[in-house]
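Architecture at a glance
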Amino acid sequence: MNMIRVGLIGAGFVGPAHVEALRRLGYVEVLALAETDARRAREKADQMGIPEACGDYRKLLANPRVTVVHNATPNRMHFEINLHALRAGKHVVSEKPLAITSDEAQQLVDEARATGLVNAVNYNYRGYPLVRQMRAMIARGDIGQVRLVHGSYLQDWMTYATDYSWRVLPEQGGPSRALADIGTHWCDLAQWVTGQRISRVMGRLATVVPIRFRPVEREVEAFATAEGPREAVEVRTEDCASVLIDFEGGATGAFVVSQVSPGRKNRLWIEVDGSEGSLAWDQDHPDELWYGQRGRPNQVLPRDPALLDVESLVGSFLPAGHPEGWSDALRNLFAEIYGFIRAGRDPLHDVPTFPTFYDGLVENILVEAILESHRLQQWVEVPRMPLPQPAPAVATARR
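This report concerns the structure included in the present document. (Residues numbered from 1 in each chain as written. Predicted model: local features only at pLDDT ≥ 70, side-chain atom pairs only at ≥ 80, totals over all residues. Heavy atoms only, no water.)

1. A closer look at the overall build of the chain
For clarity, the threshold we go by: Here a helix means four or more residues in a row that DSSP labels H or I, a strand means two or more in a row labelled E, and each is numbered from the N terminus. The size measure is the radius of gyration over C-alpha atoms, and the globule rule it meets is 2.2 Å times the number of residues to the 0.38 power. Think of it in three bands: with a 1.4 Å probe and only protein chains considered, a residue is buried below 20% of the maximum accessible area for its type, exposed above 50%, and partly exposed in between. A contact between two residues is defined here by any heavy atoms of the two lying within 4.5 Å. Areas reported here follow the Shrake-Rupley algorithm with a probe of radius 1.4 Å; residue values treat only the protein chains shown as occluding. In this tally, Asp and Glu contribute negative charge and Lys and Arg positive charge; neither His nor the terminal groups of the chain are included. Each charge is placed at NZ for Lys, CZ for Arg, CG for Asp and CD for Glu.
Looking only at helices and strands, the chain features ten helices and 17 strands. For a compact globule of 399 residues, the expected C-alpha radius of gyration is about 21 Å, and the chain comes in at 21 Å, within 12% of that figure. Seen through its principal axes, the chain has C-alpha atoms that stretch 65 × 55 × 45 Å. Expressed as a percentage of the 399 residues in the chain, the buried residues total 57%. By sequence separation, contacts in the chain at least 24 residues apart represent 71% of the contacts at least 6 residues apart. Carbon and sulfur atoms provide 52% of the accessible area of the chain, an area that totals close to 16,900 Å². In the chain, 43 side chains carry a positive charge and 50 a negative one; their mean positions are 3 Å apart.

Structure (structure tokens):
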């Protein structure tokens, strides 16, 4: 079996999750790790059993044995590393957001098109089998015409003033925090399961913890805590947001995102109400899909391979009653990406089934529209980006 060799850049909260999910594929080797300095890189690599380590990502990109790069760095580094990885001839799997601004994201979309390399953004909630089932049932017309899309994504890890992350600072995480970090997951899911783009937004953002206390001795990873002396930092990004949305297909809706909701650890919930029925999925109960109709008893569809549509079976490996969760959805998304690479498919002509840099651009544009809506206190139209066109054959540089 020919192994696909991967270089991971960044080993904070999500980097190790990438490694674990990739190893489950069986034909992928995580060969190298790049971190902020050589010592940290070697320590992290030893912890995860990664053979090679370096303190400069450019050295990793120069490694001819690395075919695919996973970018799991802080937001401010996404654009630079994604761009350099493409120019080095590597396929790229990027954490979200794709970039800090839509202009940067557009440049990455253009660069990916020019190189012909596989590109993906980690919107891994698409990997849940019952989310796929939800999409299939909506596309088949099981709930009729989509009328209303609503839900929330709630966390509590930033509830207290002593909770801190680099994401608080716009120069590190970008001008948006809760929306860009978790809100884009909800929006990507809403647009993907309905097959409709969000066309206009009305946003209300709030910073409910205006001063936070940052540990001075070391950086804190997401969801982690730290002891020791602290310094006060003014917060300039939102803790929570409420957004009204309209869709191109005529549906309307609303969603709430929050990182300051006590007791909600990582709860993404989405409901789609149609003219003939409703579907709802809750990450707190990921193996259940609620199906409601007016004239019949409500149903709860379990994640049972014997009951799901064919397109939903791609990510369902265990028998009913054996729970599959977040890490399984991540593995499922990576299986799609690497299956595409392994088959030698061309992203310029073979339509990817996974979220690409174009989808990352769509989310960058959407966040900017919501921020503008909050600033103006009015509805804002979301620019519609045309799908990328195939690049000239002479420009391709596929590996």
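Back to the text.
2. A few points about helix 10 (residues 357-376)
Condition: Given the number of residues in a helix, its expected span is that number minus one, multiplied by 1.5 Å.
The end-to-end C-alpha distance of helix 10 is 29 Å, a good match for the 28 Å that 20 residues give at a rise of 1.5 Å each. Directly after helix 10, the chain includes Gln377, whose backbone phi takes a positive value near 55°.

3. Remarks on the environment of Ala41
Along the chain, Ala41 turns up in helix 2 (residues 38-48). Judged by relative accessible area, Ala41 falls into the buried class, the value being 0%. Along the backbone, Ala41 and Gly10 are 31 residues apart, and their C-alpha atoms lie at a distance of 8.7 Å. Not counting residues up to four positions away in its chain, the partners in contact with Ala41 are Leu33, Glu35, Ala53, Cys54 and Gly55.

4. Quick look at the sheet that holds strand 1 (residues 4-9)
Operational definition: DSSP bridges decide pairing: two strands pair if at least two such bridges lie between them. For helices, the fitted axis covers only the stretch in contact; all axes are lines through C-alpha atoms, and the angles between them, taken along N-to-C directions, range from 0 to 180 degrees.
Taken together, the six strands give an open sheet; going across it, the order is 3-2-1-4-5-6, and neighbouring strands pair in parallel fashion. For this open sheet the edge positions go to strand 3 (52-54) and strand 6 (119-121), each flanked by a neighbour on one side alone. Strand after strand, the sheet turns through a mean of 20° between neighbouring axes, direction not considered. Here helix 2 sits on the sheet and contacts strand 1, strand 2 (28-34) and strand 3; the angle it forms with strand 3, its principal contact strand, is near 155°.

5. A short note on helix 6 (residues 129-140)
In this model, helix 6 (twelve residues) spans 16 Å end to end at C-alpha, consistent with the 16 Å of a helix rising 1.5 Å per residue. Across the twelve residues of helix 6, nine count as buried, placing the element largely inside the fold. In the stretch just after helix 6, Gly141 is the one whose phi turns positive, near 90°.

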